[in-house]
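# Geometric and topological summary
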Amino acid sequence: MCGFGGHFGAVPDAEQLLRAMAGALKHRGPDGEGVFAAPGAGLAHVRLAVVGIEDGSQPMRDETGDLVIALNGEIFNHVELREELRARGRRIRTTSDTEIVLHLYDMMGEACVERLNGDFAFAIWDGRRRRMVLARDRMGVRPLFYTRHRGAFHFASEVKALLTLPGLDVALDPVALDQIFTLWAPIAPRTPFRDIFELEPASVMIV
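We now turn to the structure provided with this report. In this text the structure is predicted, and so the values were computed from the model without any measurement. (Residues numbered from 1 in each chain as written. Predicted model: local features only at pLDDT ≥ 70, side-chain atom pairs only at ≥ 80, totals over all residues. Heavy atoms only, no water.)

We now examine the sheet that holds strand β2 (residues 32-38). Strand order across the open sheet formed by six strands is β2-β3-β1-β9-β8-β10, with antiparallel pairing between neighbours. Taken across any chain shown, the strands that pair with only one partner, and hence form the sheet edges, are β2 and β10 (197-198). With seven bridges connecting them, β2 and strand β3 (residues 41-47) associate as antiparallel partners. The residue of β3 that forms the bridge with phenylalanine 36 is leucine 43. Lying on the sheet, helix α1 (residues 14-24) is in contact with β1 (3-8), β2, β3 and β9 (152-156); it crosses β2 at an angle near 150°. (Pairing = 2+ DSSP bridges. Helix = DSSP H or I, 4+ residues; strand = E, 2+ residues; numbered from the N terminus. Contact = heavy atoms within 4.5 Å. Axes fitted to C-alpha atoms, helices over the stretch in contact; angles between N-to-C directions.)

Tracing the backbone shows histidine 154 in strand β9. By relative accessible area, histidine 154 is classed as buried at 2%. Residues within four places of histidine 154 in sequence aside, it is in contact with Gly6, His7, Val11, Leu17, Phe145, Tyr146, Thr147, His149, Leu162 and Leu165. (Buried < 20%, exposed > 50% of the residue type's maximum accessible area, 1.4 Å probe, protein only.)

Moving on, we get to the pairing of strand β8 (residues 145-149). Most of β8 is tucked away, with four of its five residues classed as buried. Across five bridges, the pairing between β8 and β9 is antiparallel. Across the sheet, arginine 148 pairs through a bridge with phenylalanine 153, a residue of β9. Two successive antiparallel strands, β8 and β9, enclose a turn made up of two residues, where arginine 150 displays a positive phi of approximately 50°.

Interaxial distance between helix α2 (residues 78-87) and helix α3 (residues 97-108) falls to 10 Å at its minimum, and their mutual angle equals 50°. As far as their axial angle goes, α3 and α2 are oblique. Taken as a pair, α2 and α3 cross one another with a handedness that is left-handed. Note on element contacts: α3 touches α2 through Asp97, Ile100, His103, Leu104 and Met107, opposite His78, Leu81, Arg82 and Leu85. (Parallel < 35°, antiparallel > 145°, perpendicular 65-115°, else oblique. Left-handed = near helix turned anticlockwise from the far one by under 90°.)

This part is about the sheet that holds strand β11 (residues 204-206). In space, the five strands of this open sheet follow the order β4-β5-β6-β7-β11, with antiparallel pairing throughout. In this open sheet, the two strands that pair with only one neighbour each are β4 (60-61) and β11. Pairing analysis gives six bridges linking strand β6 (residues 118-126) to strand β7 (residues 131-136), with the strands arranged antiparallel. Of the residues in β7, the one forming a bridge with tryptophan 125 is methionine 132. Against the sheet, α3 engages β4, β5 (67-75), β6 and β7, with an angle of about 125° to β5.

None of the figures reported here should be taken as evidence of function without further support.
Now the structure itself:
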């Protein structure tokens, strides 16, 4: 269980905010913490090391530095994908399944999710196209929440990381509360909070 958060858009004191988000998720990743900050975009990650224990630190960049990923979860078919990528001439630098997703995205764009067998949520900052790509596994095992606040887009593995945003309105959503009392949980994209949403399972969002 890892955790990540980030933003797309201009954010005051961006690195400080990213570290605050990571701090709110520390319980999800005791084995490491990393922050990536660029003009208009950022990623924070806390890590529980399972695959690529020695060389899987995140956020992880590709060789060009243009693509950066933060991933929570596990790619079950990463061994097979690794061999396929090597056969295509790809240079794999780590033993981490996270790097496999990064290579697939470089080759296929957001269609890379079609090749992934696993439970995952991830964010990829595509500096070439100036876009943030979010994705969630088919069954929705790994959570991913988002909000828009003061002209920027923010996301995280848990709502509590979004609550670190200064001045965020955290009013309750009465419709979501009715769903909780009736169905035990709100129906995505609703959450208990009016302006915080959940990325639905089997979904890709491009910002």
